[in-house]
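Fold and contact review
If you want the building blocks of each chain, they are given just below.
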Amino acid sequence: MSDELLVVKDLRTYFEVPAGTVKAVDGVSLSLPRSKTLGVVGESGSGKTVLSRSIMRLNMASNAMTSGSIIYDGEELLDKTPAEMQQIWGEEMAMVFQDPMTSLNPVVKVGRQLTEHVRYHLGLGRSEAKEQALAMLRSVRIPEAEARFNAYPHQLSGGMRQRVCIAIALACGPKMLFADEPTTALDVTVQHQILNLLAAQQRERHMTMILVTHDLGVVAGRTDEIAVMYAGRIVEKAPTQTLFQALRHPYTQALLAAIPKVDEPKHTKLTAIIGRPPDLVNPPVGCAFAARCPYVQPLCLEEAPELTPTPTPGHTFACWYPIGSEENQHAWETNMAAGVPQTLAAAGEIEATEDTEAEVDHDHLAEVVEAAEADLASGAPFDGPNGPDGPVAEDDLAASTEGAS
Amino acid sequence: MAGSGKAHLRPADEMVLRVEDLVVEFPSGRGGTVHAVSGISFDIAEGETLGLVGESGCGKSSTGRALLQLPKPTSGQVVLDGEDLVDLQGEAMRRRRTNIQMIFQDPISSLNPRRKIGEVVAEPLRVWGPRDPDEQWALVREMLEAVGIDADLARDKHAYQFSGGQCQRISIARALVMEPKLIICDEPVSALDVSVQAQILNMLESLKDRYGLTLVFIAHDLAVVRHVSDRVAVMYLGKMCEVSESDELYANPAHPYSKLLLESVPIPDPLAPIDTEIQIEGELPSPIDPPSGCRFRTRCPYATELCVTEEPQMQKVADDHFVACHHPLVEVMA
């Protein structure tokens, strides 16, 4: 038995649509040791949901094509037939979906939805299955389990429904659990309860878990490792602590800066990310984040960076001008001097919106950057590396990463 | 408070909006009554943002709608600029309603999918604004540009051609075009990604500075509320728990429920301790049959016999900081 439960290599999932081919997942590789939790973070459309569905082989649409390799417990999942996959779903891997209302059947009682696959997979009889289902409802801390067993989903609150979904996912004792935005539809207090429940169940059952979310706050204290996705690729992957303390990719930095923090005084301006994710039918040449990145340079528009390792084990990132490097500092300075819109937005000098001029023309950028470099070299004054209100985390991060690398 | 009382209200003549003893009830099947809002009072000064916070089902959206008289509250007063809206009927109400506008949670479903954006934003003007289409368009254009939408491009497009964040900005433009005295934002960013959420929150702040807006900002996320609010009111099961100036509330929460909400906010720092032994379990009780006395007592770790029998009243714990609790976490001022 190898140490890694899941090894994904160069996974690609493309969807054929009238407009062309959507490259939803475009070359993702990752490996996940047993009993560990991986957080997958990114905006809507970054491919995080498609990634987890592709690993589970749930992309059944006829226009979906998945290639690459998914080795689960030593076996290649992409070679399995649908019938073989049915044996794996539930018993080996299971998923908790985002919306607990639509992932339960509204016209079937909770009890039957719980016993259905226990009977199918484990071959239990009616009464045994009921016993098992009630035990599951109690283990996810649903009060009055007997009464809930005969309830319809609409009679339960959102939090209770999500608990039922977790009970269903765990019923056959899977080794691996995918939680796809399990708390996005829920209140903060209930979110806290559900995340604690997932963590407790994971510890008890020694499960391996992939927690997909758009909120870095959710994964911060609850994962061993985090992969940040953008436009179908992993742009940075690191052990959780390293990611927060020594992040290298500008997108990770931007995501973190955009989160409203409860300990900041009222009316603190948030650092929004300019523009929006790229069109995945015609992804840009070069780095996909370039059009929104405050550190964009001509090279970023020519060539896509590959994932490169850092001295910290397990920490990789894909960026030409990583945070904390001299090149990055230099890129910021020249872009500030040249008035590149992304950079001004990150510095809070212009309002960042989805429609702000985010397209950067390569020749134009090369020109302004060159001019700015010449100005800087001749000692012309400019606003300082971070501008008057530069990104909050910048200085600390630069300081802490310099030490690390 | 899950209690009542009006100690936290400020002088009536200085307030844009003053709500007193607002009660909203809905009939439920079999003769029951849903007590959505049970006697809350609050006020808002001009140019102020009031954050209204609580879990789903605490009555915060019902409160927002009751301000617009949609539907009319069961009892209580909603005084906007010295005039009680609850007394108004028919045409007079319709006229007054233009002073309050609303921004909804789901930006895509709150725009008519079959109308062009130019028409959607101009709709309130077609009823109440200038008759001349060119004048209307000039106003619409100004508002669309103010929210960062290219008006000429958007004019003939439909809602589905825009992203969620853009639709939310269009909804904001539609609310602003009437130059309302009060805007009610009902969870305006909870359906959006963090990056877009930051854009919308920053934009609301700058629009507020530019047009001197007065806002009621309804949300369940305390971190979001802190960024935009001058004052925060915490609601629980149709009652008001705590009202305070925002920074004060976050520094010294006086109500056990406010503290629970604050502790539930996920902190983007792996070293921050996670409270896995949640002290306060459970969910909101049914509003059809709310608990006696303090409504929070069924989940409160400090609940005593007193909380069962007597409803707590608003008490002052600091300047501009009031709490309705028998056992507040902060010393009550004499």
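Residues numbered from 1 in each chain as written. Chains lettered and ligands numbered in written order. Predicted model: local features only at pLDDT ≥ 70, side-chain atom pairs only at ≥ 80, totals over all residues.

What to know about the overall build of chain B
Applied cut-off: Strands here are runs of E lasting at least two residues and helices are runs of H or I lasting at least four, both read from the DSSP assignment and numbered beginning at the N terminus. Throughout, the radius of gyration refers to the C-alpha atoms, and the reference size of a globule is 2.2 Å times the residue count to the power 0.38. Placing C-beta atoms from the backbone, we regard two residues as in contact once those atoms come within 7 Å.
A tally of helices and strands in chain B yields 11 helices and 12 strands. For chain B, whose C-alpha radius of gyration is 21 Å, the value lies close to the compact-globule estimate of 20 Å for 334 residues. Judged by the C-alpha coordinates and their principal axes, chain B covers about 65 × 50 × 45 Å. Across chain B, every contact between residues at least 6 apart in sequence was considered, and the portion connecting residues at least 24 apart equals 68%.

Side note on the overall build of chain A
Put simply, the rule is: Remark: C-beta atoms are placed from the backbone, and a residue is labelled buried if 20 or more other C-beta atoms sit within 10 Å of its own, exposed if 12 or fewer do, or partly exposed between those counts.
Each helix and strand in chain A was counted, giving 15 helices and 12 strands. In summary, chain A has a C-alpha radius of gyration of 23 Å against a globular reference of 22 Å for 405 residues, a match within 12%. Referenced to the eigenvectors of the C-alpha coordinate spread, the extents of chain A come out at roughly 85 × 50 × 40 Å. A buried classification covers 50% of the 405 residues belonging to chain A.

A short note on the sheet that holds strand β3 (residues 37–41) of chain A
Residue and element names in this part refer to chain A. Rules: Strand pairing follows a simple DSSP-based rule, namely that at least 2 bridges must link the two strands. Axis definition: a line fit to C-alpha positions, over the contact stretch in the case of helices; interaxial angles, taken between N-to-C directions, run 0 to 180 degrees.
Here we have eight strands laid out as an open sheet, ordered β6-β7-β8-β3-β9-β10-β12-β11, and mixed in their pairing. Sheet topology places β6 (93–96) and β11 (308–309) at the edges, where each strand pairs with a single neighbour. Where strand β7 (residues 176–180) meets strand β8 (residues 208–213), five bridges bridge the pair, whose relative direction is parallel. By the bridge assignment for β8, Phe-178 is matched with Ile-210. Contacts from helix α1 (residues 48–55) reach β3, β7, β8 and β9 (225–230), with the element oriented near 150° to β8. Strands β3, β9 and β10 (233–239) of the sheet are contacted by helix α10 (residues 250–258), whose axis makes an angle of about 100° with β9.

With respect to the nonpolar core
Where a protein is soluble and globular, its nonpolar side chains tend to be buried together. Using the following cut-off: In this usage, the nonpolar core is the set of buried Ala, Val, Leu, Ile, Met, Phe, Trp, Tyr and Cys residues whose C-beta atoms join them within 7 Å. The domain boundaries here were taken from an automatic or database domain assignment.
Ranked by internal contacts, the top residues of the largest apolar core, which has 217 residues, are Ala-167 and Ala-258 of chain A together with Val-121, Ala-173, Val-216 and Phe-217 of chain B. Shared between two domains, this core takes at least three residues from each, and those domains are domain 1 (4–228) and domain 2 (247–404) of chain A. Excluding its chain neighbours within four sequence positions, the residues that come into contact with Ala-167 of chain A are Leu-114, Met-136, Leu-137 and Val-140 of chain A.

A closer look at the confidence of the model for chain B
Residues and elements named next belong to chain B. For clarity, the cut-off: By definition, pLDDT measures how confident the predictor is in each residue, and it falls between 0 and 100.
For chain B, per-residue confidence averages 89 on the pLDDT scale, and 96% of positions sit at 70 or higher. Confidence, expressed as mean pLDDT per element, reaches its minimum in chain B at helix α2 (residues 90–97) with 89 and its maximum at strand β3 (residues 49–53) with 95. Model confidence for the complex: the whole-complex pTM is 0.86, and ipTM, which rates the interface, is 0.84.

Details of the pairing of strand β11 (residues 315–318) of chain B
Residues and elements named next belong to chain B. Sheet topology note: the β11/strand β12 (residues 321–323) ladder contains three bridges and is antiparallel. For Ala-318, the partnering residue across the bridge sits in β12 and is His-321. A loop of two residues connects β11 with β12, the two strands running antiparallel in sequence, and Asp-320 in this loop sits at a positive phi of about 55°.

Description of the environment of Ile-88 of chain A
Residue and element names in this part refer to chain A. Mapped onto the fold, Ile-88 is located in helix α2 (residues 82–88). Residue classification places Ile-88 among the buried residues on the basis of 20 C-beta atoms within 10 Å. Taking the C-alpha atoms as reference points, Ile-88 and Leu-77, 11 residues apart in sequence, are found 9.4 Å from one another.

As for the packing of helix α3 (residues 110–122) of chain A against helix α4 (residues 126–139) of chain A
Residue and element names in this part refer to chain A. Note the threshold: Note on angle classes: values under 35 degrees are labelled roughly parallel, values over 145 roughly antiparallel, values of 65 to 115 roughly perpendicular, and the remainder oblique. Each crossing is labelled by how the near helix is turned from the far one, with a counterclockwise turn of less than a right angle marking it left-handed and a clockwise turn marking it right-handed. For this classification, the nonpolar set comprises Ala, Val, Leu, Ile, Met, Phe, Trp, Tyr, Cys and Pro, the charged set comprises Asp, Glu, Lys and Arg, and every other residue, Gly included, is treated as polar.
Put simply, α3 and α4 touch, their axes get as near as 9 Å, and they point 120° apart. Taken as axis vectors, α3 and α4 run oblique relative to one another. In this structure, α3 meets α4 at a crossing whose hand is right-handed. Along the contact surface, α3 presents Gly-111, Leu-114, Thr-115, Val-118 and Arg-119, while α4 presents Ala-129, Lys-130, Gln-132, Ala-133 and Met-136. Residue composition of the contact of α3 with α4, by class: five nonpolar, three polar and two charged.

Concerning the interface of chain A and chain B
Contact residues are listed per partner, giving 47 residues for chain A and 46 residues for chain B. In terms of residue count, helix α7 (residues 188–205) of chain A provides more of the side of chain A that touches chain B than any other element does, eight residues in total. Considering only residue class, the side of chain A that touches chain B consists of 18 nonpolar, 18 polar and 11 charged.

Describing the sheet that holds strand β9 (residues 231–236) of chain B
Residue and element names in this part refer to chain B. With mixed pairing, the eight strands of this open sheet are ordered in space as β6-β7-β8-β3-β9-β10-β12-β11. Single-partner strands in this sheet number two, and they are β6 (100–103) and β11. The sheet shows a mean angle of 20° between the axes of neighbouring strands, taken without regard to direction. Examined bridge by bridge, β3 and β9 share four bridges and lie parallel to one another.

Observations regarding the domain arrangement of chain A
All names here are of chain A. Entries for chain A in the domain assignment read domain 1 (4–228) and domain 2 (247–404). For domain 1 and domain 2, the distance between their C-alpha centroids amounts to 35 Å. Tallying the contact residues gives 14 residues for domain 1 and 12 residues for domain 2. Those elements that place two or more of their residues in the side of domain 1 that touches domain 2 are β2 (20–33), α8 (216–220) and β9. It is β2 that provides the largest number of residues to the side of domain 1 that touches domain 2, a total of five residues. Broken down by class, the residue content of the side of domain 1 that touches domain 2 amounts to six nonpolar, five polar and three charged.

Looking at the packing of helix α3 (residues 117–128) of chain B against helix α4 (residues 133–146) of chain B
Residues and elements named next belong to chain B. Packing of α3 against α4 leaves a shortest axis separation of 9 Å and a crossing angle of 120°. Our classification of the angle between α3 and α4 gives oblique. α3 and α4 meet at a crossing whose hand is right-handed. Along its contact with α3, which presents Gly-118, Val-121, Ala-122, Leu-125 and Arg-126, the element α4 presents Gln-136, Leu-139, Val-140, Met-143 and Leu-144.

Let's talk about the environment of Ile-323 of chain A
For Ile-323 of chain A, the location among the structural elements is in the loop between β12 (316–317) and α12 (326–338). The sequence separation of Ile-323 of chain A and Gln-253 of chain A amounts to 70 residues, and the corresponding C-alpha distance is 8.3 Å.

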